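Residue-level listing of the chains:
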Amino acid sequence: MKRFLLIGALALSTLGVSACGFTPLYARPGVESGLSGIETIAAEGRGGYLLREQLDDALAHRQGTPAAYKLSIAVNEQRFARGVRLDNVANRYELRMTVNWRLLDARTGSEVHKGSTDVSVTYDSADQPYAAIAAQQDGQERAATEAARKIQLDLATWLAGRKPA
């Protein structure tokens, strides 16, 4: 009996959301085509390269097609020791990635939108040198993935709020 009540409540709540006029962000006119029209300009360094890769995937920019916008990014990474063992050697680190970005009109070069995104991830550091490097690189990849997700969401929100041209 509880199962039927739960299914009925779920069906009613789904019907209620669809009846209230809720439209997912990605389904709004101009958002998907607007995101795919953004070309990312890579920042220097490994973090900038990883972020550009993630943004290209997230924005679904098609190489070879003319871009309506260019996304210029500047990446700043800081690493802090957070966990210290009894012998005063750090075994846990925090990686903070700050991304300052500007969205430029591809034709005029004028700035149309800008923002700053902060991401913080932690990772363990092992005694073995290779494992420590691998852990740090994994932290960079996770930070770049999260920063790209936040930037994509900000850009989609901005595109959804614009008036159609």
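This report concerns the structure included in the present document. (Residues numbered from 1 in each chain as written. Predicted model: local features only at pLDDT ≥ 70, side-chain atom pairs only at ≥ 80, totals over all residues. Heavy atoms only, no water.)

1. Looking at the packing of helix 3 (residues 45-59) against helix 4 (residues 129-161)
For the pair helix 3 and helix 4, the least separation of the axes is 8 Å and the interaxial angle reads 45°. Judged on the interaxial angle alone, helix 4 and helix 3 are oblique. Relative to helix 4, helix 3 is oriented so that their crossing is right-handed. Facing Arg46, Gly47, Leu50, Leu51, Gln54, Leu55, Ala58 and Leu59 of helix 3, the residues of helix 4 in contact are Gln137, Gln140, Glu141, Ala144, Thr145, Ala147, Ala148, Ile151, Gln152 and Leu155. Across the contact of helix 3 with helix 4, the residue classes tally to 10 nonpolar, 6 polar and 2 charged. (Axes fitted to C-alpha atoms, helices over the stretch in contact; angles between N-to-C directions. Helix = DSSP H or I, 4+ residues; strand = E, 2+ residues; numbered from the N terminus. Parallel < 35°, antiparallel > 145°, perpendicular 65-115°, else oblique. Left-handed = near helix turned anticlockwise from the far one by under 90°. Contact = heavy atoms within 4.5 Å. Nonpolar A, V, L, I, M, F, W, Y, C, P; charged D, E, K, R; others polar.)

2. Things to note about the pattern of salt bridges
Under the counting rule described, the total for this entry stands at 9 salt bridges. Note that arginine 52 and aspartate 56 form a salt bridge whose closest N and O atoms lie 2.9 Å from each other. Taken as a pair, arginine 52 and aspartate 56 lie in helix 3 at a separation of 4 residues, close to a single helical turn. For the salt bridge of arginine 82 with glutamate 94, the shortest nitrogen-to-oxygen distance reads 2.6 Å. You can see arginine 82 sitting in strand 2 (residues 69-84) and its partner glutamate 94 sitting in strand 3 (residues 90-105), a full 12 residues away along the chain. Taking relative accessible area as the criterion, glutamate 94 reaches 11% and is therefore assigned buried. Several salt bridges share partner residues, and in doing so they unite Arg82, Glu94 and Arg96 into one network. (Salt bridge = Lys/Arg side-chain N within 4 Å of Asp/Glu carboxyl O. Buried < 20%, exposed > 50% of the residue type's maximum accessible area, 1.4 Å probe, protein only.)

3. Quick word on the nonpolar core
In this structure, Ile38, Leu51, Leu71, Ile73, Val99 and Leu155 are the most contacted members of the largest nonpolar core, which totals 30 residues. Elements with a minimum of two residues in this core: helix 3, strand 2, strand 3, strand 4 (111-124) and helix 4. Considering each element in turn, this core owes the most residues, 10 residues, to helix 4. If we skip the residues at most four places from it in the chain, leucine 155 touches Leu35, Ile38, Leu59, Leu71, Trp101, Leu103 and His113. (Core = buried A, V, L, I, M, F, W, Y, C linked by side-chain atoms within 4.5 Å.)

4. Structural notes on the sheet that holds strand 4
Ordered by their spatial adjacency, 4 strands build an open sheet running 1-2-3-4, and the pairing between neighbours is mixed. With one partner strand each, in any of the chains shown, strand 1 (38-41) and strand 4 form the two edges of the open sheet. Across this sheet, the average inter-strand angle for adjacent strands is 25°, counted without regard to direction. Set on the sheet, helix 3 makes contact with strand 1, strand 2 and strand 3; between it and strand 2 the angle comes to about 125°. (Pairing = 2+ DSSP bridges.)

5. Some details on the pairing of strand 1
Here strand 1 shows a buried face lined by Ile38 and Thr40 and an unburied face lined by Glu39 and Ile41. For strand 1 and strand 2, the ladder comprises 4 bridges, and the chain directions are parallel. Paired with threonine 40 across the strands is leucine 71, a residue of strand 2.

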